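Each chain is listed here by its residues.
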Amino acid sequence: MNSTIETFLSQRASVRQFDPEAEMSTEQIKQILALAATAPSGNNTQPWQVVVVKNKAQQQKLRALSFDQPQVETAAAVFLVFGDPAAYDVDTLFSYNVANGLLTEKDEAAFKGKMKKFYALSAAEGGTESLMLDGGLFAMNLLHVVRVFGYEAVPMRGTDFTAIKKELDLPQSWEAIMMIPVGKATASGYPKIRKDVTEFTKIIE
Ligand SMILES: Cc1cc2nc3c(=O)[nH]c(=O)nc-3n(C[C@H](O)[C@H](O)[C@H](O)COP(=O)(O)O)c2cc1C
């Protein structure tokens, strides 16, 4: 077992107390998001869209739309993770793969046919559930990556995403995945309480 990773993972906690004076540079935000985007996604569709708010007046408005949770205002930056259903458009996806040399134009037609069949078979694929899954993996990555940069974070869904999309003039078609306030911790997260592995595991030998 890699004890560095073990310690890193076991020390993550939702942190809700941040230094309100702390800031995060645009350069850091870009570095953090580039690493978070190493997350896997179905067919490498990468359907995430991220809006980062690092403006206290805007954060105050977001706090009011988030049941007055203080971390939304005190965070150095609030990451809003959305999923864009347009990313599942088969033609766009395959043009991207061909343009990036992942697929030859010759293979494109055969793969496209398979993908269209796959989407037709499984109604959940390419819809809200896929966006939540792909976007959720991205959000989990982001929660870890910010800690590499010396920040802490809390995943949140206790907010009015519909109102936020209106306030920030974002497409209503975007699926809201998660709000993640990120900041410099002034207090630790709550102690970890987790079920014993035996309570949620069945090992078939
Ligand atoms: C989908 C989801 C929604 C959450 N929403 C909120 C929230 O609105 N406010 C909050 O303070 N914490 C929120 N949390 C954080 C959880 O309370 C926290 O992850 C859980 O208690 C376990 O604690 P830990 O993250 O410190 O391990 C949310 C977590 C998840 C995964």
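Heads up: the structure comes first, above all this text.
For the structure given in this document, a descriptive report is provided here.

The rules behind the values
- Residues numbered from 1 in each chain as written.
- Predicted model: local features only at pLDDT ≥ 70, side-chain atom pairs only at ≥ 80, totals over all residues.
- Heavy atoms only, no water.
- Axes fitted to C-alpha atoms, helices over the stretch in contact; angles between N-to-C directions.
- Helix = DSSP H or I, 4+ residues; strand = E, 2+ residues; numbered from the N terminus.
- Parallel < 35°, antiparallel > 145°, perpendicular 65-115°, else oblique.
- Left-handed = near helix turned anticlockwise from the far one by under 90°.
- Contact = heavy atoms within 4.5 Å.
- Nonpolar A, V, L, I, M, F, W, Y, C, P; charged D, E, K, R; others polar.
- Near = heavy atom within 4 Å.
- Polar contact = N/O pair within 3.5 Å; in protein donor to acceptor, adjacent residues only side chain to side chain.
- Areas by Shrake-Rupley, 256 points an atom, 1.4 Å probe, with all protein chains shown as cover.

Some thoughts on the packing of helix 5 (residues 90-99) against helix 6 (residues 105-121)
Moving on, step 1. The N-to-C vectors of helix 5 and helix 6 enclose an angle of 150 degrees; their axes lie 10 Å apart at closest approach. One way to sum up the angle between helix 5 and helix 6 is to call them roughly antiparallel. Judged by the twist between their axes, the crossing of helix 5 over helix 6 is right-handed. Within the contact between the two elements, helix 5 uses Val90, Asp91, Leu93, Phe94, Ser95 and Val98 and helix 6 uses Glu105, Glu108, Phe111, Lys112, Met115, Lys116 and Tyr119.
Moving on, step 2. Here the residues of the contact of helix 5 with helix 6 are counted per class, giving seven nonpolar, one polar and five charged.

Notes on the site of the ligand
Moving on, step 1. Ser14, Arg16, Gln69, Lys192 and Arg194 are the nearest of the 14 residues found near the ligand.
Moving on, step 2. Between the ligand and Arg157, the relevant distance is 3.1 Å, taken from a nitrogen atom to a main-chain nitrogen or oxygen of the residue.
Moving on, step 3. Contact between the ligand and Lys192: an oxygen atom at 2.6 Å from a side-chain N or O atom of the residue.
Moving on, step 4. Burial of the ligand by the protein chains amounts to 62% of its free accessible area of 630 Å².
Moving on, step 5. For the shell around the ligand, the residue count by class is five nonpolar, four polar and five charged.

Limitation: the analysis is restricted to geometry and does not speak to function.
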